[in-house]
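# Tertiary structure, described
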Amino acid sequence: MLMGKTLNGNVMCSVAIRTTGKDPKKDDIYQICILPLDRNYKPVIGAMFDKYIQVRPENVSKIGIVENVFAKKHSVVWDMIDEWAEHTMKKGQIIPLVYDWPSVQQFMTGFISEPGMEILVCDKARDLKAIALYLNDLHEADEKVVPFSKTTLRYILNNCECSLDPKYNAVEQAIKMAQAYKKMLRYPF
């Protein structure tokens, strides 16, 4: 993968997780997608990591039964991420492109572990929500109409003309976030 000099050997990856709820202490990740991007922020589908993860019995009712049938145990998926990262990342780390990094970071830390996160994930995440808020601040300072009156994932993606299907999965989310990020860098679009 060709990456820009500013990434210092790290690989920008669109990271999408689907969870059973919003509380990292009570809810589980049931699907994770880590989608490497080239220097033009286009997905490198052949290098993607995409897995369904088994959830605790009390959270099974929060997701469809289909996903749970194909889900692997938490420890198996973590081993797969470790193997995938060794093969795909080579010497660098993942620079995550996400929506709402503080929330995603809590879920991933609970799933991967704190030492695992330090090894695998770079601390320079790109966050669509933070970028939308920044663009809003720029426009408001110039007394212009703010581009993102709401900062939900769906609203940001719709404003970037990267709408998600109502029943989206983590792969679709990762692809759409990469497309939106590229458009946000070139704002106004």
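Report on the accompanying structure.

Rules used throughout
Residues numbered from 1 in each chain as written. Predicted model: local features only at pLDDT ≥ 70, side-chain atom pairs only at ≥ 80, totals over all residues. Heavy atoms only, no water. 1 Å grid on protein atoms, 1.4 Å probe; cavity = no way out; pocket = protein on both sides within 12 Å on 5 of 7 lines; lining within 4 Å. Points joined across faces, edges and corners; volume = space filled by probe spheres on them. Helix = DSSP H or I, 4+ residues; strand = E, 2+ residues; numbered from the N terminus. Core = buried A, V, L, I, M, F, W, Y, C linked by side-chain atoms within 4.5 Å. Buried < 20%, exposed > 50% of the residue type's maximum accessible area, 1.4 Å probe, protein only. Contact = heavy atoms within 4.5 Å. Pairing = 2+ DSSP bridges.

### Description of the layout of surface pockets
- Space inside the largest pocket adds up to approximately 550 Å³.
- Along the wall of the largest pocket there are 19 residues; nearest its centre are Ile-17, Thr-19, Lys-22, Tyr-99 and Tyr-168.
- Of all elements in the fold, only β1 (11-19), α3 (101-112) and α6 (153-159) reach the threshold of two or more residues within the lining of the largest pocket.
- A total of five residues in the lining of the largest pocket trace back to one element, the largest contributor, which is β1.

### So, the nonpolar core
- Grouped together as the largest cluster of nonpolar side chains are 30 residues, with contacts concentrated most on Met-12, Leu-97, Leu-128, Phe-148, Leu-153, Leu-157 and Met-184.
- Secondary-structure elements contributing two or more residues to this core are β1, β2 (29-36), β4 (94-98), α5 (128-141), α6 and α7 (170-185).
- In this view, Leu-157 contacts Leu-128, Cys-162, Ser-163, Leu-164, Lys-176, Met-177 and Ala-180; residues no more than four positions away in its chain are not counted.
- Grouped together as the second largest cluster of nonpolar side chains are 25 residues, Cys-13, Val-98, Ile-112 and Met-117 included.

### Regarding the pairing of β1
- Within β1, eight of the nine residues are buried, leaving the element largely enclosed by the surrounding structure.
- Pairing geometry for β1 and β4, over four bridges, is parallel. Paired with Ser-14 across the two strands is Leu-97, which belongs to β4.
- Where β1 and β2 come together, seven bridges link them in antiparallel fashion. Residue pairing for β2: Cys-13 is matched across the bridge by Pro-36.

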